[in-house]
Amino acid sequence: MPRLVLSAGMFRDLGRMPHDVQTKVADLVVNFDQQAFAGAHLEPLHAPKDPQARTVRIDNFWRGVVRAPEQGDTYFLLRIMPHDDAYAWAKRNRLRVNPATGGIEIVDVVEVEEAAKAIEAGASAGAAATVPMFAAVSDHDLVRLGVSQDVLPLVRNMRTDDQLLALVALLPLNQGDVLLHLAGGASPEEVWAQIAIAGPKEVVDPEDLEAALERDASGAEFVSVTGPDELVDILSKPLELWRVFLHPTQRRIAYRETYNGPVRVTGGAGTGKTVVAMHRAKALGERLGADQPILFTTFTKNLTSVIARNLEVLGGKALRNRVTVVNVDRLASQVVRDAEGSQPRILSNVEERAAWEKAIEVTSSAFDVSFLQNEYEQVILAQAITSRDEYLRAARPGRGGRLDRRHRVNVWEAVEAFGAEQQQTGKRTFLQLALEAAGYLQTRSVKPYAAVIVDEAQDLHPAQWRMLRAMVAEGPNDMFVVGDAYQRIYGNRTTLSKVGIHVVGRSFRLRINYRTTRQILNWAVALLEGVEADNLDGENESLAGYRSVLTGGQPSFAGCTNLSSETKAVIKWVATLQGQGYTNNEIAIACRTKDIRDDFLAAFKSAGIPAQAIEGDLDAEASAVSVATMHRMKGLEFRAVAVAHCAKGSVPLPAAIVPENVDAKAHAQSLEAERCLLFVACTRARDALLVTWSGQPSEFLVATGAVE
């Protein structure tokens, strides 16, 4: 019976097509063994680089590119393109087996040949001025890591980052990844350990595509389907490539059978950390018994619905039912409720500020609300301090300004007064609940979960980490933690080892962005200039080697005279996208504050464009443009994003900045958090990014050189 293999490139094509064309492709694919693929409708080409290349008719405008078998019955559907483009692509590209990795790859032979000439010419012109980028890496190491022999001459002549990125765009995914990580400073041994695809033990037969399909190295770009039902399921949501096309590096991390303790995975925006975490949940769900529950938790409430829905897409209702998905605040409330027998009452932000103001009045404190609240959360709650003597001896990491004994006594008096105010209302903060939940859980001999998976780890408070550590017994596969300090948008900072989570020898760094185009990412990274990040365990983190493998248009910028003209500019941009085939739910608007968000929602309503505010759960199926604060955009992604009202006085938001005369270190950290917040918002975009402002642009935008 004929077997059909689908490529990631075909799915990306499908996601950009009109719905009626998607339906025709689905009909062709589902019935391929009865019609075109197995019959005479496959059209050969004149002098293609791959002699088995064929095209197949979708309709009068669209054609599919197929690789027919020389022998056997395995067919590859590689691309869906307009008629002339399909013929041109089919003639230039060749499908082959990489002799080092044993995986299947597609190479644009003509483009590589042309790139070789350009790089060679550039090398000759500047040979005396620059050293080749890969001079320190031997041919032997390059080949064993999967770089093909015919690419070696190009690699040897490469001298600039632009040349590297141009070549990576042409190479198969695995080869490009190897070069990017080597260029980012990784040694061949480090690439071999974490990035490269370990080659097969047997001798690779370059003609045996069936054997190649079974190897991990093929999994990033090809999926073999076994029947019509599976085809219909996969084709129904072509943009959810992560379900079937998990990068081999990600797959090895997610599906490793046993880790002898907690695992930490870090990586920049778009590197697939959450995808890896969800696949880890799937792997554990398949291995653990039905009586061994799994917890998947994250900091942000609106992400839980997205994760729960994606887990069901990934593994069906069986997986969704095996995994409890809940954000940390609700989790803390549940633990305290179960321990105390009643639902805890939560102190609102307004009530909390009022309680601190009353405490300041009662104690005649020399400190303001912001300082006292941060001192309480970042020192006292973070270290689970319960007495004045403990506080007087405590270190204050991350806090600026030395406090002598007299000042500390004054702080503690205010803390006690704050606690007295709380006792009168019977309400607690979520961080207090987390610390109390940790205490309840630590006394239990049987823990609630067999495994805990933590997403957006960089934003969790030490009290929340203590609770999560107490949720699961220490042992193999107990905790799986993913995060990125460059996306830290709240004031929480934690060293995992200090809260009992030891990841030495079980840490991975993802460096390749699969979401955002290179043009958008390069500009967004410039926003992080001067930001200091850590690896969640007290060591410095670096953006070295963080790159995108995608290419597209440059981000666009629009300065307006007032908010009214700014909303009109964004609405016009949305209308242009709609004319280009974007659907409403592929577009989002990010704003710094709720007030500005509401202004844009009203503008869309007046313009007759459906729009939804992201508050809690995101309705991904709604045919509406999403409008949200930058904080609510965290963890989401859209084809197009407008980051609106990035004006001076709005970004950074003055209310979010700790005054320098109050705490210089906290002042610097709050500015960094605002930079990271803008970076997070901009990197939600896959293909198109628009940044707008009214009046003067934000100082952050000016610093990138993109605007004046």
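Remember, it's a predicted structure, so these values are computed and weren't measured experimentally. (Residues numbered from 1 in each chain as written. Predicted model: local features only at pLDDT ≥ 70, side-chain atom pairs only at ≥ 80, totals over all residues. Heavy atoms only, no water.)

1. With respect to the sheet that holds strand β2 (residues 43-44)
Strand pairing in a sheet relies on backbone hydrogen bonds, with the paired strands running either antiparallel or parallel.
Part 1: Judged by pairing direction, the sheet is mixed, and its six strands sit side by side in the order β2-β3-β4-β5-β1-β8 without closing on themselves. The open sheet has two free edges, formed respectively by β2 and β8 (222-225), since each of these has just one partner strand.
Part 2: Where strand β1 (residues 3-7) and β8 come together, four bridges link them in antiparallel fashion. In the sheet register, Val5 faces β8, and the bridge partner there is Ser224.
Part 3: Across the sheet, helix α1 (residues 8-15) touches β1, β5 (74-82) and β8, and the angle it forms with β5 is around 35 degrees.
Part 4: Seen against the sheet, helix α3 (residues 83-92) touches β2, β3 (53-57), β4 (62-67) and β5 and runs at an angle of roughly 135 degrees to β5. (Pairing = 2+ DSSP bridges. Helix = DSSP H or I, 4+ residues; strand = E, 2+ residues; numbered from the N terminus. Contact = heavy atoms within 4.5 Å. Axes fitted to C-alpha atoms, helices over the stretch in contact; angles between N-to-C directions.)

2. Looking at the pattern of salt bridges
Part 1: Inspection of every chain in the model, using the stated rule, returns 39 salt bridges.
Part 2: Put simply, Arg96 and Asp150 hold a salt bridge, and the shortest N to O gap is 2.9 Å. Of the two residues, Arg96 sits in strand β6 (residues 93-97) while Asp150 sits in the loop between α5 (139-144) and α6 (152-157), which places them 54 residues apart along the sequence.
Part 3: The exposure class assigned to Arg96 is buried, which follows from its relative accessible area of 15%.
Part 4: Residue Arg144 pairs with Asp141 through a salt bridge whose shortest N-O separation is 2.8 Å. Separated by three residues within a single helix, Arg144 and Asp141 lie in helix α5, roughly one turn from each other.
Part 5: Overlapping salt bridges bring together Lys594, Arg597, Asp598, Glu615 and Arg632 as one network. (Salt bridge = Lys/Arg side-chain N within 4 Å of Asp/Glu carboxyl O. Buried < 20%, exposed > 50% of the residue type's maximum accessible area, 1.4 Å probe, protein only.)

3. Comments concerning the packing of aromatic side chains
Part 1: Inspection of the entire model under this criterion finds eleven aromatic pairs.
Part 2: Aromatic pair Phe299 and Tyr490: ring centres 4.7 Å apart, planes at 45 degrees, arrangement tilted. You can see Phe299 sitting in the loop between β10 (294-298) and α14 (301-322) and its partner Tyr490 sitting in the loop between β15 (479-483) and β16 (507-510), a full 191 residues away along the chain.
Part 3: Of the residues examined, Tyr490 reaches a relative accessible area of 27% and is grouped as partly exposed. (Phe/Tyr/Trp six-rings, centres within 6.5 Å; stacked < 30°, edge-to-face > 60°.)

4. Here's the deal with the packing of helix α20 (residues 430-442) against helix α21 (residues 462-469)
Part 1: Interaxial distance between α20 and α21 falls to 8 Å at its minimum, and their mutual angle equals 25 degrees. By the angle between their axes, α20 is roughly parallel relative to α21. Two packed elements cross with a definite hand, and for α20 against α21 that hand is left-handed. Listed contacts from α21 to Leu431, Ala434, Leu435, Ala437, Ala438, Leu441 and Gln442 of α20 are Ala463, Gln464, Arg466 and Met467. (Parallel < 35°, antiparallel > 145°, perpendicular 65-115°, else oblique. Left-handed = near helix turned anticlockwise from the far one by under 90°.)

5. Details of the confidence of the model for the protein
Part 1: With 95% of its residues at a pLDDT of 70 or more, the protein shows a mean pLDDT of 89.
Part 2: Taking the mean pLDDT of every element in the protein, the minimum, 71, falls on helix α4 (residues 109-126) and the maximum, 98, on strand β14 (residues 451-454). (pLDDT = per-residue confidence, 0-100.)

6. A few points about the environment of Thr692
Part 1: Within the secondary structure, Thr692 sits in strand β24 (residues 685-694).
Part 2: Accessibility expressed as a relative area gives 0% for Thr692, which makes it buried.
Part 3: Spatially, the C-alpha atoms of Thr692 and Val452 are 40 Å apart, while their sequence positions differ by 240 residues.
Part 4: Dropping the residues within four chain positions of it, Thr692 is found in contact with Ala558, Glu566, Val570, Val643, Ala644, His645 and Cys646.

7. A few points about the pairing of β10
Part 1: For β10, a buried count of five out of five residues is recorded, marking the element as mostly surrounded by other parts of the structure.
Part 2: Inspection of the sheet shows β10 paired to strand β11 (residues 323-327) by five bridges, in the parallel sense. Within β11, the residue paired with Leu295 across the bridge is Thr324.
Part 3: Where β10 and β14 come together, four bridges link them in parallel fashion. From the neighbouring strand, Leu295 faces β14, where its bridge partner is Val452.

8. A few points about unusual backbone geometry
Part 1: Following Val651, the chain continues into Pro652 via a peptide bond in cis, with omega recorded as 0 degrees.
Part 2: Looking at where Pro652 falls in the secondary structure, it is placed in the loop between β23 (638-643) and α25 (664-682).
Part 3: Phi at Ser364 takes a positive value of approximately 50 degrees, unusual for a residue other than glycine.
Part 4: Residue Asn477 is not a glycine yet carries a positive backbone phi of 60 degrees.
Part 5: Positionally, Asn477 belongs in the loop between α21 and β15.

9. With respect to the packing of helix α17 (residues 369-381) against α20
Part 1: For the pair α17 and α20, the least separation of the axes is 11 Å and the interaxial angle reads 15 degrees. Judged by the angle between their axes, α17 and α20 are roughly parallel. Judged by the twist between their axes, the crossing of α17 over α20 is left-handed. Contacts between α17 and α20 involve Tyr376, Glu377 and Leu381 on the former and, on the latter, Leu431, Gln432 and Leu435.
Part 2: Tallied by class, the residues present in the contact of α17 with α20 amount to four nonpolar, one polar and one charged. (Nonpolar A, V, L, I, M, F, W, Y, C, P; charged D, E, K, R; others polar.)

10. A closer look at the sheet that holds β16
Part 1: Strand order in the open sheet formed by six strands is β11-β10-β14-β15-β9-β16, and the pairing between neighbours is parallel. For this open sheet the edge positions go to β11 and β16, each flanked by a neighbour on one side alone. Pairs of neighbouring strands in the sheet enclose a mean axial angle of 15 degrees, with direction left out of account.

11. Some remarks on α25
Residues spaced three or four apart along an α-helix point in a common direction, a consequence of the helix completing one turn every 3.6 residues.
Part 1: Helix length check: α25 (19 residues) gives 28 Å between terminal C-alpha atoms against 27 Å at 1.5 Å per residue, within 8%.
Part 2: By the criterion of burial, α25 is predominantly enclosed, with 14 of the 19 residues buried. (Expected span 1.5 Å × (residues − 1).)

12. As for the environment of Gln458
Part 1: Take Gln458: it is sitting in the loop between β14 and α21.
Part 2: Here the alpha-carbon distance between Gln458 and Asp598, two residues 140 residues apart in the chain, equals 29 Å.
Part 3: Of note is the side chain of Gln458, whose polar atom sits 3.5 Å from the side chain of Asp459. (Polar contact = N/O pair within 3.5 Å; in protein donor to acceptor, adjacent residues only side chain to side chain.)

13. Quick look at the side chain of Ser7
Part 1: The residue Ser7 is located in strand β1 in this model.
Part 2: A polar contact of 2.6 Å, which involves the side chain of Ser7, links it to the backbone oxygen of Leu78.
Part 3: Those residues in contact with Ser7 that lie beyond four places of it in its chain are Leu77, Leu78, Glu221, Phe222 and Phe245.

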